[in-house]
Amino acid sequence: MDLIELGTLAACDVPLHLVQFDPSEELLWTASQAGFVYAHHMPSGEPYAAFPLDGRGSPSVGIFPYPFGLISLSFDCVRFFSKGGCPQARPSPWASPACCAEFGPTHVQWQV
């Protein structure tokens, strides 16, 4: 099978270390070691969103797109963002001794 180049992503100053495809839209999500998340339309590579995970520049250790946005896992917390980068929730790990979440294709549910 021959490969065909459909588009390219613009170069950035910081290495990207996480990549995920969006399950509900033609978006490619990436995260940098400087604590930024980027989304690009596919297959053109056109920028869709770019936003910081927090004000400290902490890198994400996992990004999980879902139909309503993006879940980012860092060393100290979980953050929920809309697809445009607006913060939706940030449960505190110190608020309760036990916290779990269920992620489904159409919902996110927290139980403490």
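Our structure is the block above this text.
Heads up: these notes are all about the structure in this document. Keep in mind that this is a model prediction, so the values were computed, not measured.

## Topic: the overall build of the protein chain
Here is step 1: Scanning the protein chain for helices and strands turns up zero helices and 10 strands.
Here is step 2: Listing each helix as α and each strand as β along the protein chain from the N terminus yields β-β-β-β-β-β-β-β-β-β.
Here is step 3: Looking at the protein chain residue by residue over its 112 residues, the buried ones come to 34%.
Here is step 4: Partitioning the intrachain contacts of the protein chain with sequence separation of at least 6 by distance along the chain shows that 28% fall at a separation of at least 24.
Here is step 5: A total accessible area of about 7,100 Å² is found for the protein chain, and carbon and sulfur atoms account for 60% of it.

## Considerations on the sheet that holds strand 7 (residues 78–81)
Here is step 1: Within the open sheet, the four strands sit side by side as 5-6-7-8. Their pairing is antiparallel. At either end of the open sheet lies a strand with only one pairing partner, and these are strand 5 (62–66) and strand 8 (87–89). Geometrically, the sheet is characterised by an average inter-axis angle of 30 degrees between neighbouring strands, direction not taken into account.
Here is step 2: Examined bridge by bridge, strand 7 and strand 8 share two bridges and lie antiparallel to one another. Paired with phenylalanine 81 across the two strands is proline 87, which belongs to strand 8.

## Observations regarding a nonpolar patch on the surface
Here is step 1: A surface patch of nonpolar side chains, amounting to about 410 Å² of accessible area, comprises Val61, Phe64, Leu73 and Phe75.
Here is step 2: Relative to the helices and strands, phenylalanine 75 is located in the loop between strand 6 (69–73) and strand 7.
Here is step 3: Given a relative accessible area of 71%, phenylalanine 75 falls into the exposed group.

## Remarks on the sheet that holds strand 1 (residues 16–21)
Here is step 1: Taken together, four strands build an open sheet; the order of strands is 1-2-3-4 and the sheet is antiparallel. What marks the edges here is a single partner per strand, and that holds for strand 1 and strand 4 (47–52). Sheet twist, expressed as the average angle between the axes of neighbouring strands with direction ignored, equals 15 degrees.
Here is step 2: Two strands pair when backbone bridges link them, and strand 1 and strand 2 (residues 27–32) are joined in this way by five bridges, in the antiparallel orientation. Of the residues in strand 2, the one forming a bridge with leucine 18 is alanine 31.

## Things to note about the packing of aromatic side chains
Here is step 1: Under the criterion given, the structure shown has four aromatic pairs.
Here is step 2: Ring pairs connect the aromatic residues Trp29, Phe51 and Phe81, which therefore count as one cluster.

## Some words on the environment of aspartate 76
Here is step 1: Here aspartate 76 lies in the loop between strand 6 and strand 7.
Here is step 2: Judged by its relative accessible area of 29%, aspartate 76 is partly exposed.
Here is step 3: Sequence separation between aspartate 76 and serine 58 is 18 residues, and the spatial gap between their C-alpha atoms is 9.3 Å.

## A look at the pairing of strand 5
Here is step 1: Along strand 5, four of the five residues are buried, which leaves the element largely enclosed by surrounding structure.
Here is step 2: Direction of pairing for strand 5 relative to strand 6: antiparallel, over a ladder of five bridges. Considered in strand 6, the bridge of glycine 62 is made with leucine 73.
Here is step 3: Linking strand 5 back to strand 6 in an antiparallel pair, the connection comprises two residues.

Here is what the cut-offs are and how they apply
- Residues numbered from 1 in each chain as written.
- Predicted model: local features only at pLDDT ≥ 70, side-chain atom pairs only at ≥ 80, totals over all residues.
- Heavy atoms only, no water.
- Helix = DSSP H or I, 4+ residues; strand = E, 2+ residues; numbered from the N terminus.
- Buried < 20%, exposed > 50% of the residue type's maximum accessible area, 1.4 Å probe, protein only.
- Contact = heavy atoms within 4.5 Å.
- Areas by Shrake-Rupley, 256 points an atom, 1.4 Å probe, with all protein chains shown as cover.
- Pairing = 2+ DSSP bridges.
- Axes fitted to C-alpha atoms, helices over the stretch in contact; angles between N-to-C directions.
- Patch = residues over 30% accessible without salt bridge, like charges linked within 9 Å, V, L, I, M, F, W, Y side chains within 5 Å.
- Salt bridge = Lys/Arg side-chain N within 4 Å of Asp/Glu carboxyl O.
- Phe/Tyr/Trp six-rings, centres within 6.5 Å; stacked < 30°, edge-to-face > 60°.

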